[in-house]
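# Structural description and commentary
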Amino acid sequence: MLNRCTCVFALALATLAPTGPLPIASALAQDDVAAAAPVRYDGHKVVRANIRNLRDLRTMETLSPDCWTHGSGVGPVDYRIPPDSLAALDASGVPYDVMIEDVQALIDAERQGGRGDGWYDDYHNLAEIEAFMQSLADTYPNLAETFVVGNSLEGRPIRGIRIHNPNGGAGNPDVLYHGAIHAREWITTMACTYIMDTLLAGYGSDPDLTALVNQLNFHIIPVMNVDGYSYTWTNDRMWRKNRRNNGGGQYGVDLNRNYSVGWGGEGSSGRSSSETYRGTAPFSEPESQVMRDYQLALPNFQGFIDIHSYGQLILQPYGYTSQLPPDHSTYQSIGANMETIMESLHGKSWTHGPTYTTIYPASGVTLDWAYAEAGAWGLSFELRDTGQYGFLLPASQIIPSSEECFEGAMVLARFLTMQLSVGTLTAGQNGQFDISNGTPNTMTYLAYSIQGLGSTYVAPLNVTLDLRSPVQAGPGRVSDGSGSVSWTLPIPQGTSGRQVWFQGAQLGRTTNVVEKTIN
Ligand code: 0X9
Ligand code: ZN
């Protein structure tokens, strides 16, 4: 296996970095104060090289200090090229297209900000992200609280927000999303704040989101690699790894190569200068250790998405091997559903599939661990874009990109909750009603309303239906061993054109609401 992205200038860059762990006070102060001389990228281009053979690969590794897409084998790979290497690139004969003319120009535009005062008008540093989470928790005290996963290498708390129903959500499946395991992937942090914001604002007003929060506990960690993220704001916008001092002037372990499943294999590097350096052992890093322990301590861990950028990809297990996981066909259907909804929002193209073949081999990655060791459905997103701006996605795309991420994330959430689907309804014919993912072997009910949405407490089931004046449709039925129930029910004559709202329920659980117009 070939390792890419030999960081030949890492030594030069590292001399700009403070040596050793910072005292916590000064580390935190740095969140708001740029270093005296942040790394500059004047005249640096990002090129998409067409790698045809080992020679091309070696050429690019020599010319580029920083690979932006860690591909393997032949095909297109994005590299940042410093200005003094451009002539050598042209002389090398490796075919390429320029994706970004001047990296510093994009960094300057990003730092200028000023698009507006809204939260999503600009990117935000760690202190601002933490304040945003705290203000959400303060605004929705019955639905959310912040928590600390654990501390980073430099002693920063890794913070997240938990979102649950007003009863605390005990026993519900736990779903975890995290962003910025790679420090420079700023859009992923904003997308995480959008997910928490949207879920909380939608609770009680959007029946679909209400049903999800009622049935799931969300754990959202917008910045997993806090030291690296902080460093991208103060010292080097293009930092990827954590801030481990590897010795010899080399810094950083790729936290997404530091997990135990497949650790040390293909698509990771044993060289401490590499952008995909795996560390000295599985879980050698405090950030991956505390994330592991947090996930293992969840009472009912079922869903996980590690949010990255860029590439517009939906990645499934495995990253470390070309073998397909035992649940491949289920993953394919989850991935296809994500792809459909993410494409439908803004017309961007998305691709889903196993990590190994869809992006490239990558071992010791989070999603393989979440799936193979923690027993959750594990996936990873690569958010916008496909290389026009790469990691420097303009702030004007924060909202659309976050919307795509949110809808994709909700596909996994819906997969883990009790869902009602209703077939076409025609007056005088039978209609088909299916509930999936309920509690197995449990009495299950179907309700409808012709008055629309509302809030109706049903004491015997201890649930609040999101329907106004609901009526029971058909008989209660006991779900099968996998939690499914179906009804085939006659739709009365003369109801054509009427609007009807349906919802399923079990003891303590409700489905989404389905709205239908009868043909
Ligand atoms: O190389 C990576 O770690 C990810 N790509 S990135 O450009 N964001 O660095 C892809 C790895 C896929 N697997 C997981 N995310 N777990
Ligand atoms: Zn990444």
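Definitions and limits used
- Residues numbered from 1 in each chain as written.
- Chains lettered and ligands numbered in written order.
- Predicted model: local features only at pLDDT ≥ 70, side-chain atom pairs only at ≥ 80, totals over all residues.
- Heavy atoms only, no water.
- Near = heavy atom within 4 Å.
- Polar contact = N/O pair within 3.5 Å; in protein donor to acceptor, adjacent residues only side chain to side chain.
- Helix = DSSP H or I, 4+ residues; strand = E, 2+ residues; numbered from the N terminus.
- Nonpolar A, V, L, I, M, F, W, Y, C, P; charged D, E, K, R; others polar.
- Donors = N, O, S within 2.8 Å, 3.2 Å for Na, K, Ca; no water.
- Buried < 20%, exposed > 50% of the residue type's maximum accessible area, 1.4 Å probe, protein only.
- Pairing = 2+ DSSP bridges.
- Contact = heavy atoms within 4.5 Å.
- Axes fitted to C-alpha atoms, helices over the stretch in contact; angles between N-to-C directions.
- Phe/Tyr/Trp six-rings, centres within 6.5 Å; stacked < 30°, edge-to-face > 60°.
- Lys NZ or Arg CZ within 6 Å of the ring centre and 35° of its normal.

R240, R257, Y360, S380 and E382 are the nearest of the 17 residues found near ligand 1. H308 is positioned such that a nitrogen or oxygen atom in its side chain is 3.1 Å from a nitrogen atom of ligand 1. The set of elements that each furnish at least two residues to the shell around ligand 1 consists of β11 (301-309), α13 (366-372) and β14 (377-383). In terms of residues, the shell around ligand 1 owes the most to one element, β11, which gives 3 residues. Partitioning the shell around ligand 1 into residue classes produces 5 nonpolar, 7 polar and 5 charged.

Let us now look at the coordination of the zinc ion (ligand 2). Around the zinc ion (ligand 2), the protein supplies H182 (ND1), E185 (OE), E185 (OE) and H308 (ND1) as donor atoms, at distances of 2.0 to 2.3 Å. Expressed as a motif, the donor residue spacing for the zinc ion (ligand 2) is H-x2-E-x122-H. Residue H182 is located in the loop between β7 (174-179) and α7 (186-202), and its partner H308 is located in strand β11; the two are separated by 126 residues in the primary sequence. Considered together, H182 and H308 belong to a single accessibility category, that of buried residues.

Turning to the sheet that holds strand β3 (residues 75-81), a few remarks are in order. Across the sheet, 4 strands lie side by side as β2-β3-β1-β4; this open sheet has antiparallel pairing. If you trace the sheet from one side to the other, it starts and ends with β2 (66-67) and β4 (96-100), each paired once. Examined bridge by bridge, strand β1 (residues 45-51) and β3 share 7 bridges and lie antiparallel to one another. Across the sheet, residue N50 finds its bridge partner in β3, namely P76. Sitting on the sheet, helix α3 (residues 54-63) touches β1 and β3, and the angle it makes with β1 is about 165 degrees.

We now examine the packing of aromatic side chains. All chains considered together, the criterion is met by 23 aromatic pairs. Centroid distance Y229 to W233: 6.4 Å. Interplanar angle 55 degrees. Geometry classified as tilted. Of this pair, Y229 and W233 are both found in helix α9 (residues 226-234), 4 residues apart, which corresponds to roughly one turn of the helix. Judged by its relative accessible area of 12%, W233 falls in the buried class. Centre to centre, the rings of F433 and F502 are 5.0 Å apart; their planes meet at 55 degrees, and the pair counts as tilted. Of the two residues, F433 is situated in strand β16 (residues 430-436) and F502 in strand β23 (residues 499-506); the sequence distance between them amounts to 69 residues. Each member of the pair, F433 as well as F502, is classed as buried. An aromatic cluster of at least three residues, connected via ring pairs, comprises Y318, Y320, Y331, Y371, W377 and F415. If you follow R243 out to its NZ or CZ, it ends over the ring of Y231, 3.6 Å from the centre. One Lys or Arg, R243, reaches over the ring of W239 and ends 4.6 Å from the middle of that ring.

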